[in-house]
Amino acid sequence: MVGWALCMVLVLAALAGTVAETRYEKFLRQHVDHPRTSTLAAHRYCETMLARRRVTAPGRPCKPSNTFVHAPAEELVAACSQTPDTAGFHSTPTAMGLTACRLRGGDTRPPCAYRARQLQHHVRVSCLNGLPVHLAGTYAPPQ
């Protein structure tokens, strides 16, 4: 009986943890990796990070693309104070280091294999209550 009760408490605690994640916390989990995590195999960065951050999971389709920003979260929060563009997105005033992960091939069934590109780009975000909640894209700094 005690074992069953303990099991239920652990399940409910786990469920409460996932339900309580705010949109900003989800944004951080899916897109911010500062400082950049070093992996044993650099070419496996995307697969490793997407799995660790629960962006990809067994039984779910592979995400076609995901970007990890290697800058402090505060710099992305500061973007929310920038004037939005005509589409309503806010951009970081400076370019920042990031890893762009793109699914290899067209199959979205696991196992997921990604191609990683290291870039220095500006980041466009959607903001809610002064916090970034969606990474809308990136763009190269003007030449």
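Given the structure is predicted, the values throughout are model-derived calculations rather than measurements. (Residues numbered from 1 in each chain as written. Predicted model: local features only at pLDDT ≥ 70, side-chain atom pairs only at ≥ 80, totals over all residues. Heavy atoms only, no water.)

Asks: Looking at this structure, how should I read a positive patch on the surface?
Replies: On the surface, Arg44, Arg102, Arg104, Arg115 and Arg117 cluster together into a positively charged patch. Among the structural elements, Arg104 can be located in the loop between strand E3 (96–103) and strand E4 (114–128). (Patch = residues over 30% accessible without salt bridge, like charges linked within 9 Å, V, L, I, M, F, W, Y side chains within 5 Å. Areas by Shrake-Rupley, 256 points an atom, 1.4 Å probe, with all protein chains shown as cover. Salt bridge = Lys/Arg side-chain N within 4 Å of Asp/Glu carboxyl O. Lys, Arg positive; Asp, Glu negative; His and termini not counted. Charge placed at Lys NZ, Arg CZ, Asp CG, Glu CD. Helix = DSSP H or I, 4+ residues; strand = E, 2+ residues; numbered from the N terminus.)

Asks: For this particular structure, what's the right way to read the state of the cysteines?
Replies: Defined simply, a disulfide is a covalent bond joining two cysteines at their sulfur atoms. Under the definition given, this model contains three disulfides. Note on cysteine connectivity: Cys46 is disulfide-linked to Cys101, with sulfurs 2.1 Å apart. Because the torsion about its S-S bond is -85°, the bridge between Cys46 and Cys101 counts as left-handed. With Cys46 in helix H3 (residues 45–52) and Cys101 in strand E3, the pair connects residues that are 55 residues apart, well separated along the chain. A residue is classified by how much of its surface remains accessible, and Cys46, at 1% relative accessible area, is buried. Cysteine pairing in the protein chain follows 1-4, 2-5, 3-6, where each cysteine in a disulfide is numbered by its order in the sequence. (Disulfide = S-S within 2.5 Å. Buried < 20%, exposed > 50% of the residue type's maximum accessible area, 1.4 Å probe, protein only.)

Asks: What is the right way to read the environment of Val77 from this model?
Replies: One can find Val77 in helix H4 (residues 73–79). A relative accessible area of 24% means that Val77 is categorised as partly exposed. Taking the C-alpha atoms as reference points, Val77 and Cys127, 50 residues apart in sequence, are found 8.4 Å from one another. Residues in contact with Val77, not counting those within four places in the same chain, are Tyr24, Gly130, Leu131 and Pro132. (Contact = heavy atoms within 4.5 Å.)

Asks: Looking at this structure, I do not really get unusual backbone geometry. What am I missing?
Replies: Phi is mostly negative for residues that are not glycine, and the peptide bonds are mostly trans. A cis amide bond links His34 with the next residue in sequence, Pro35, at an omega value of -10°. Within the secondary structure, Pro35 sits in the loop between helix H2 (23–31) and H3. Following Pro110, the chain continues into Pro111 via a peptide bond in cis, with omega recorded as 5°. The residue Pro111 is located in the loop between E3 and E4 in this model. If you check the backbone angles, Arg54 has positive phi at about 60° while not being a glycine.

Asks: Teacher, can you tell me more about the pattern of salt bridges here?
Replies: For side chains of opposite charge, pairing can occur when their charged atoms come near one another. Per the stated rule, a full pass over the model turns up four salt bridges. Arg124 is the salt-bridge partner of Asp85, the closest N and O atoms lying 2.7 Å from each other. Taken together, the residues Asp85 in the loop between H4 and strand E2 (90–91) and Arg124 in strand E4 connect sequence positions 39 residues apart.

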